[in-house]
Amino acid sequence: MNRIFFFFLGFLLANSLGAQGYSIKVKLVNYDQDTLLLGYYYGNKQYLTDTATLKNGSFHFSDQEPLQAGMYMIVMPPDNNFFQLLVNEDEQKLEIETDAKEPVPNFKIKKSKDNQVYYAYLNYLDKKRVERENLEKEKVEAGADEKLLEEIQLKLTELDKSVIDEQEKIIRENPKTFTANLLKSNRRIDVPEFEGSPEEIGQKRYLFYKHHYFDHIDLKDPRLLRSQTLFPRFEYYVEKLTPQVPDSIIQSIDYLLQSVEEVEDTYHFFLSHFLNKYAASKFVGMDAVYVHMVEKYYNQGKAPWVDEEQLAKMTKNAKTLKSILIGKIAPDLKMNKQDKTFLSLHEVDSKYTVLFFWDPECGHCKKSIPKIIEFYDKYKSKGVKIFSICTVLGEKANNCWKTVEEKEMGKWINVNDPYLRSRFKQIYDVRTTPRIFILGEDKEILSKGIGAEQLGGMMDFLLEREAEEMKMQDQGKK
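Here the structure is a predicted model, which is why all the values come from computation and not from measurement.

Draft legend 1. Expanded view of the pairing of strand β7 (residues 93–99). Strand direction decides the pairing type here: strand β1 (residues 22–29) and β7, joined by 7 bridges, are parallel. When the bridges of β7 are listed, S23 appears paired with K93. Where β7 lies against strand β8 (residues 108–110), 3 bridges are found, and the strand directions are antiparallel. In the sheet register, E95 faces β8, and the bridge partner there is K110.

Next up, the structure:
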């Protein structure tokens, strides 16, 4: 009896474990290869997760671990054509038959209502697409016949309405399916009519659209991360609907992360994505976004997947960057002049100061110096001074002064710190040269990370802005 009991218990456990995994059987006609691949979407990329070989006329993907719910792909080597597959937590034992050359119209599946609904819609859409193409062709052939063009346009409008009606029917009749969520996410945002000047109407339309941009998307659905839907929406919201200044971007990212905070994988993906995106950004000032994310999320224990060593590096890096963000007062530096006397950055009395880190052996520096000389000759009369820091350390520091003479750089302020007493490399994050900062009269950082060729354009912008501010002040006094 004991042996029978334990055998029966083992049988139940084995079947229980099997039930927790996935099994996808695929039969293909018009396919002469012996291998199929199973891939999936994840954010903005696609990955492969399994391989199946032909056995007894079919391919079988399986594992004891279940698949994460989302949109998958059955990939057919060697051309890597594919057809899509919806996977839900409760639908992971699937049996598929189709034609490799025309998978959509021939797609048949067992044990998945969601895929049946999805492929019925894809076939419906294909028919409507053919109708639209025929109507568009008729439109071209109609030429200048306004009456005929009007009739064709009416048919096109009715066609579009029929597609929307079909989508709404699917959503209504299959509310819990992934298909329904995908269709809802593509619903149009109806912007109401507004009154006012063209500028006011445009602003109101923009604000309404941005505020309601996610109305039809269930951000709590974890399946959307593994689809083609969520990532482009998040990117569009941040890059197109958000003014491209750090404060606005930070506000939008905080809103998005708060919206998906309960969805572990989605939150993890987008927190990491935005951190890496703005850590690597080449746009001036975007390091402020990176600093904010480290301080608000990573330093507050909201990214538990990061190990202590990596977190320590991020924290240190963010701390360094925070002191040199645009808008901050540039940290003071006490440096050596050629005559061994000292001069600090904050002692320089000028309307604008260009802080220029360079190295005599740096190829890019050699190309930049003539451009900076040209810039200085043009703008020195407008209150611009250059505080040039040679970054060479130790005994080789004498090469700084030799290069200053050879390159005719003596017309501006030249300093160095051969023993790194000022810690300028750490304070100003000087990892490579040249590195350029533009400072205002009170040494506020106005711009940074630009090339020598961009100095003139940036200075023109700053001078124009200064002139506009003075003009507005004068008008205010009147």
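Alright, that's what it looks like, and here's the rest.
Draft legend 2. How the structure looks around helix α7 (residues 246–259). With 14 residues, α7 extends 20 Å between its outermost C-alpha atoms, agreeing within 8% with the 20 Å of an ideal straight helix rising 1.5 Å per residue. The inward-facing, buried residues of α7 contact α5 (198–211), α6 (230–239), α8 (264–279) and α9 (287–298).

Draft legend 3. Region of interest: the confidence of the model for the chain. This prediction gives the chain a mean pLDDT of 93; 96% of its residues lie at or above 70. Note on residues 1–18: pLDDT under 50 across the span, and 2 contacts to partners over four residues away in sequence or across chains.

Draft legend 4. View of the pattern of salt bridges. Scanning the entire structure with this criterion turns up 19 salt bridges. For D126, the salt bridge goes to R129, with nearest N and O atoms at 2.4 Å. A residue pair is termed a helical-turn pair when its members lie 3 or 4 positions apart in one helix, as D126 and R129 do in helix α2 (residues 113–142) at 3 residues. D126 sits in the partly exposed class, given a relative accessible area of 31%. The exposure class of R129 is partly exposed, given its relative accessible area of 40%. Taking the shortest distance from any N to any O, the salt bridge between K161 and D165 comes out at 2.9 Å. Note that K161 and D165 are positioned in helix α3 (residues 146–173) at a spacing of 4 residues, about one turn of the helix. Using a relative accessible area of 39% as the deciding quantity, one classes D165 as partly exposed.

Calculation rules
Residues numbered from 1 in each chain as written. Predicted model: local features only at pLDDT ≥ 70, side-chain atom pairs only at ≥ 80, totals over all residues. Heavy atoms only, no water. Pairing = 2+ DSSP bridges. Helix = DSSP H or I, 4+ residues; strand = E, 2+ residues; numbered from the N terminus. Expected span 1.5 Å × (residues − 1). Contact = heavy atoms within 4.5 Å. pLDDT = per-residue confidence, 0-100. Salt bridge = Lys/Arg side-chain N within 4 Å of Asp/Glu carboxyl O. Buried < 20%, exposed > 50% of the residue type's maximum accessible area, 1.4 Å probe, protein only.

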